[in-house]
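# Coordinate analysis (summary)
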Amino acid sequence: MNSASKTLLLVDGSSFLYRAFHAMPDLRNHLGEPTGAIYGVLNMLRRLRQDYPADYSLCVFDAKGKTFRDDLYPEYKAHRPSMPPDLAMQIEPLHQAIKAAGWKIEMIDGVEADDVLGTLAQQAARDGVRCIIATGDKDLAQLVNEHVTLINTMNNETLDIEGVKTKFGVPPERIVDYLTLTGDQVDNVPGVEKVGPKTAVKWLTQHGTLAQVMQNADSISGVVGENLRKALDWLPMAQRLVTVKCDVELPLDYHELIAPPPDHAQLARLYEQLDFKTWRRELNESAAQVVETPAPTEQQRHHIQYQTILTSAHLDAWLQQFMSAELVCLDTETTGLDTMDAQLVGMSFAITPHCAAYLPLAHVYPGVPDQLDREQTLAKLKPWLESAQHKKVGQNLKYDAHILANHGITLAGIHDDTLLESYVLESHKSHGMDSLALRHLNAKTISFEEVVGKGAKQICFDQVDLKIATGYAAEDADITLQLHQMLVPQIESQPGLAYVYRNIELPAMHVLCTMERNGVLLDSALLQIQSHELGIKLIELEAQAHQAAGQPFNLNSPLQIQEILFGKLGLPVIKKTPKGAPSTDEEVLQELALDYPLPKLLLEYRGMAKLKSTYTDKLPKMVNRRTGRVHTSYSQAVAVTGRLASSDPNLQNIPIRSAEGRRIREAFIAAPGNCIVAADYSQIELRIMAHLSGDAGLLQAFANNEDIHRATAAEIFMTNPDEVTSEQRRYAKVINFGLIYGMSAFGLSKQLGIERSAAQSYITRYFERYPGVKNYMDSTREQAKQQGYIETVFGRRLWLPEINSSNGMKRQGAERAAINAPMQGTAADLIKLAMIKVQQWLENEKLNSRLIMQVHDELVLEVPENELTLVKEKLPGLMCNVADLRVQLLVELGAGKNWDEAH
């Protein structure tokens with residue numbers, strides 16, 4: 001083989017090290033040591049070796065200490081923060097693992113990794129050797145030529161000569177000039193002030209080179225021209241700083257970079273130490289490929305032939321595989337997103353990575369090939385789909401279960417769900433399949449909009465060409481399967497996460513699907529009456545507001561409200577908008593309403609207007625014509641604390657503090673012969689605080705079934721519980737709930753309308769009486785700072801990305817969240833466990849009672865009158881015994897013809 005047909009693979013280790021540290025979840029081994037960056041870089045190297053076989057290879061890192069650029073310009077990279085301790089801890093074991101995996105590593109003092117890469121690339125290019133540089137650094141685009149290509153496995157980007165021109169607007173040989181003009185913020189190299197990429201490209205296109213741009217500086221007009229002239233003395237230095245040095249004296253030549261064989265024994269020791277159990281298992285089994293199979297690169301995509309199932313024989317062949325497969329990935333394509341009405345257009349399946357098929361069933365565009373009959377095909381698939389023994393995985397299978405239910409199929413055997421896997425691992429990040437693929441597989445997937453279009457031109461999926469539909473749908477199944485293979489080992493290696501995933505989230509998904517399909521009955525006529533009454537009250541409030549203002553104005557116009565309040569009436573400005581205008585937001589109006597009548601009227605008006613538009617007007621329009629009920633959608637993977645989110649309609653935010661808000665609940669009714677039962681955990685977060693803190697005083701108060709707010713008031717005000725006044729109890733209630741939300745003395749003073757010093761004295765006295773609470777709060781904050789997350793009682797991880805932020809407000813917000821999140825998260829876990837327990841009981845006893853809503857800490861059921869006694873007897877016990885805490889859980893239960901009566 002001559003040199004012209006050989007390949008050199010160079011890896012910018014430093015670039016990928018930082019990218020992996022910030023992109024990967026905060027993985028840790030059994031000793032609590034961080035391992036995420038190590039895992040990310042090693043995974044990238046494994047994929048590179050698979051995707052780009054090379055004759056020579058090297059991984060290059062920056063050496064410690066200064067480089068020649070620091071001598072040229074002391075401010076070079078001066079603004080960069082020091083390396084985070086969690087990253088610094090990972091460098092040495094990462095280097096050991098890279099070497100053990102069969103890679104050579106190089107670090108050269110006095111220069112950067114870029115310079116080593118540039119020197120080796122130029123060496124190889126002189127001999128006609130193809131060079132591939134894996135990097136995320138845009139500066140290296142200057143190295144691209146007919147022999148040198150850049151790849152970025154983080155986003156599947158490949159930059160050859162044309163790629164550089166397309167991305168930057170200039171060819172590779174002009175990249176240095178381009179960077180000189182724009183500057184490099186990452187490395188703290190100033191360019192020409194206010195000159196960005198567009199201006200740089202424009203100048204270089206007009207004048208050719210940086211030197212010619214500088215020669216013609218006098219002819220460039222405007223502010224940028226003036227800025228260019230000011231920078232003329234600086235630009236030669238900037239050019240030296242951004243130029244990759246390609247003549248570094250190296251201790252080796254590129255042709256010496258033949259990869260050594262992997263040291264499997266050392267790898268096994270390191271994988272054991274790092275808790276990389278999947279890779280450790282592979283070594284034991286002498287497996288040839290990594291379990292976390294990456295998504296295909298652009299270079300590989302054309303080798304993947306996703307199949308379109310158009311014949312019975314082809315379907316039978318796949319179905320035979322389904323019956324014997326350990327796990328099958330399943331996805332549906334539909335006519336819309338309404339889970340109660342959308343119809344099936346097609347289904348896709350994957351059993352092994354890179355092997356998937358699309359089964360079209362209802363595409364209807366002109367000239368569409370013959371497809372299998374939908375109903376007959378579903379009848380053939382039904383035994384497998386409804387089999388609990390045949391395991392399925394998917395991305396948000398609750399949606400697919402709804403769609404299949406619309407066709408008379410009850411999906412069973414849901415063993416895994418990548419949406420929930422991602423949520424359990426990293427609740428604070430996005431969980432859409434496209435973003436998961438990019439984050440975990442470095443794969444850019446086909447987006448839905450690429451297939452169906454956007455806006456007014458968007459088509460229904462049943463209009464999509466089968467070839468395009470196959471590429472999109474089969475890829476979804478394929479990528480989902482790969483994501484599962486990567487995510488689930490991380491969950492199963494952590495007992496707490498595994499419990500939350502297997503015992504809470506997956507079974508809760510089944511209950512939520514059932515509850516969504518059950519829906520809730522509405523009294524639309526009552527809502528229309530309420531809407532009319534609210535309309536009259538709004539007119540009255542508007543008239544009163546005009547009178548208070550001394551003139552008519554638009555109550556929905558912030559600008560007019562601003563002019564009336566702070567101009568005409570001269571009320572004090574509480575705070576300003578980002579643009580410097582006096583704010584009229586709700587917080588401001590609430591503060592002003594304490595002393596002035598108009599802000600109070602405006603708040604009343606806004607509250608009633610929202611009730612009317614959001615609920616009394618809108619809810620009747622959301623009744624499903626087929627079922628006659630409203631079917632909300634519960635999202636599991638939204639709130640970082642594990643709380644459910646409700647939408648279309650949002651049942652979580654129906655206000656209950658006002659009489660008008662409570663009346664809306666009257667419209668949620670039971671069907672004839674039934675009643676509504678509402679079961680609510682009482683003071684759940686305070687009970688969880690007692691459990692978590694182990695404070696003797698709180699535990700004793702709950703054990704004695706005392707009024708916790710009265711007991712707290714007695715402690716704080718140093719009086720007998722019998723002598724506590726209603727005002728003292730109100731103060732204690734605010735303190736109890738405020739402190740579990742991490743409230744400061746400033747916040748408490750605002751809540752109670754007292755001096756901050758008085759609020760601080762109450763807090764001090766509270767902690768003196770309940771020292772366990774203070775200890776818990778202090779230790780929780782410290783734990784959060786050390787590991788970046790805290791956990792619920794059941795092991796759910798609640799991530800706090802801002803806990804060590806240099807921004808004081810963000811950091812304090814994260815510290816408050818660290819106190820409250822374990823309580824909110826544990827409460828969320830408890831209500832989900834209660835839902836699961838209650839649904840299992842209803843199914844086992846074959847009762848006709850149905851769960852119809854879950855709102856905060858409350859379960860709402862529709863119960864036949866002949867089952868009411870049984871449900872009232874059993875429900876509290878089921879909910880109270882889902883967990884063994886240091887305090888007894890308490891459930892308050894009510895029944896009535898509507899939700900308000902039952903609450």
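Scroll up to find the structure.
All of the points below concern the structure found in this document. (Residues numbered from 1 in each chain as written. Predicted model: local features only at pLDDT ≥ 70, side-chain atom pairs only at ≥ 80, totals over all residues. Heavy atoms only, no water.)

### What to know about the packing of aromatic side chains
Keep this limit in mind: For Phe, Tyr and Trp, rings pair up if their centres lie within 6.5 Å, where Trp contributes its six-membered ring, and each pair is then called stacked (planes under 30 degrees apart), edge-to-face (over 60) or tilted (otherwise). Secondary structure is summarised from DSSP: a helix means a run of H or I of at least four residues, a strand means a run of E of at least two, and numbering begins at the N terminus for each. Burial classification: accessible surface area is computed with a 1.4 Å probe over protein chains only, and a residue below 20% of its type maximum counts as buried, one above 50% as exposed, and the rest as partly exposed. Here, a charge over a ring is recorded when the distance from Lys NZ or Arg CZ to the ring centre is within 6 Å and its angle to the ring normal is within 35 degrees.
In total, this model carries 24 aromatic pairs according to the counting rule given. Judged by centre distance (5.8 Å) and plane angle (45°), the ring pair of Phe-461 and Tyr-472 falls under tilted. Taken as a pair, Phe-461 in the loop between helix H20 (448-452) and helix H21 (466-492) and Tyr-472 in helix H21 lie far apart in primary sequence, eleven residues in all. The class for Tyr-472 is buried, based on a relative accessible area of 8%. Seen in terms of ring centroids, Phe-668 and Trp-899 are 5.3 Å apart; in terms of plane orientation they differ by 70°. Their pairing is edge-to-face. Placement of the pair is Phe-668 in strand E17 (residues 668-669) and Trp-899 in helix H37 (residues 899-902), with a sequence separation of 231 residues. Classification of Trp-899 as buried rests on a relative accessible area of 0%. Pairwise contacts between aromatic rings join Tyr-39, Tyr-271, Phe-276 and Trp-279 into one cluster. The ring of Trp-384 has Lys-392 lying over it, and the distance from NZ or CZ to the ring centre is 4.9 Å.

### Things to note about the pattern of salt bridges
The cut-off we apply is this: A pair is scored as a salt bridge if a Lys or Arg side-chain nitrogen falls within 4 Å of a carboxyl oxygen belonging to Asp or Glu.
According to the stated counting rule, one finds 45 salt bridges in the structure shown. Ionic pairing is found between Lys-138 and Asp-139, a salt bridge with its closest N-O pair at 3.9 Å. Exposure remark for Lys-138: the relative accessible area of 35% places this residue in the partly exposed category. Of the residues examined, Asp-139 reaches a relative accessible area of 6% and is grouped as buried. By sharing partners, the salt bridges in this structure join Arg-69, Lys-77, Glu-112, Asp-115 and Asp-187 into a single network.

### A word on unusual backbone geometry
For the bond running from Asp-648 to Pro-649, omega is 0°, close enough to zero to count as cis. Of note, Pro-649 is situated in the loop between strand E16 (645-647) and helix H27 (659-666). For His-354, which is not glycine, the phi dihedral falls at a positive 70°. Looking at the element boundaries, His-354 is found in the loop between strand E9 (344-352) and strand E10 (355-360). The backbone of Asp-648 sits at a positive phi, close to 50°, despite the residue not being glycine. With a relative accessible area of 55%, Asp-648 lands in the exposed category.

### Topic: empty space enclosed by the protein
Our working rule: Residues are said to line a cavity or pocket when one of their atoms sits within 4 Å of a point; the points come from a 1 Å grid over protein atoms alone, cavities being sets where a 1.4 Å probe fits but cannot get out and pockets being open sets with protein on both sides within 12 Å along at least five of seven lines. Grid points are joined across faces, edges and corners, and a volume is the space filled by probe spheres set on the points. Gly falls in the polar group here, along with every residue not listed as nonpolar (Ala, Val, Leu, Ile, Met, Phe, Trp, Tyr, Cys, Pro) or charged (Asp, Glu, Lys, Arg).
In total, this model carries four cavities of 30 Å³ or more according to the counting rule given. Along its surface, the second largest cavity is lined by eleven residues, and Met-24, Gly-40, Arg-47, Arg-439 and Asn-442 are the ones closest to its centre. Secondary structure elements with two or more residues in the lining of the second largest cavity: helix H1 (13-23), helix H2 (36-51) and helix H19 (433-441). If one sorts the elements of the lining of the second largest cavity by residue count, H2 sits on top with four residues. Per-class residue counts for the lining of the second largest cavity are five nonpolar, four polar and two charged.

### Topic: the packing of helix H28 (residues 684-693) against helix H29 (residues 696-703)
How we decide: Simply put, an axis is a line fit to the C-alpha atoms, just over the touching stretch for a helix, and the angle between two N-to-C directions goes from 0 to 180 degrees. For this classification, under 35 degrees means roughly parallel, over 145 means roughly antiparallel, 65 to 115 means roughly perpendicular, and everything else is oblique. Should the near helix be turned counterclockwise from the far one by less than a right angle, the crossing is left-handed, whereas a clockwise turn marks it as right-handed. Only heavy atoms matter for contacts: two residues are in contact if any of them lie within 4.5 Å across the pair.
Packing of H28 against H29 brings their axes to within 8 Å, and their N-to-C directions diverge by 135°. Our classification of the angle between H28 and H29 gives oblique. Between H28 and H29 lies a crossing of left-handed hand. Here H28 contributes Leu-686, Arg-687, Met-689, Ala-690, His-691 and Ser-693 to the contact with H29, which in turn contributes Leu-698, Leu-699 and Phe-702. In terms of residue class, the contact of H28 with H29 is built from six nonpolar, two polar and one charged.

### A word on the sheet that holds strand E11 (residues 392-394)
Note the cut-off: Any two strands with at least two DSSP bridges between them are considered paired.
With mixed pairing, the six strands of this open sheet are ordered in space as E7-E10-E9-E8-E11-E12. Two strands close off the open sheet at either side, each with one partner strand: strand E7 (307-308) and strand E12 (414-417). Relative to E12, E11 runs parallel, the two being bridged by three bridges. Each bridged residue has a counterpart across the sheet, and for Val-393 the counterpart in E12 is Asp-416.

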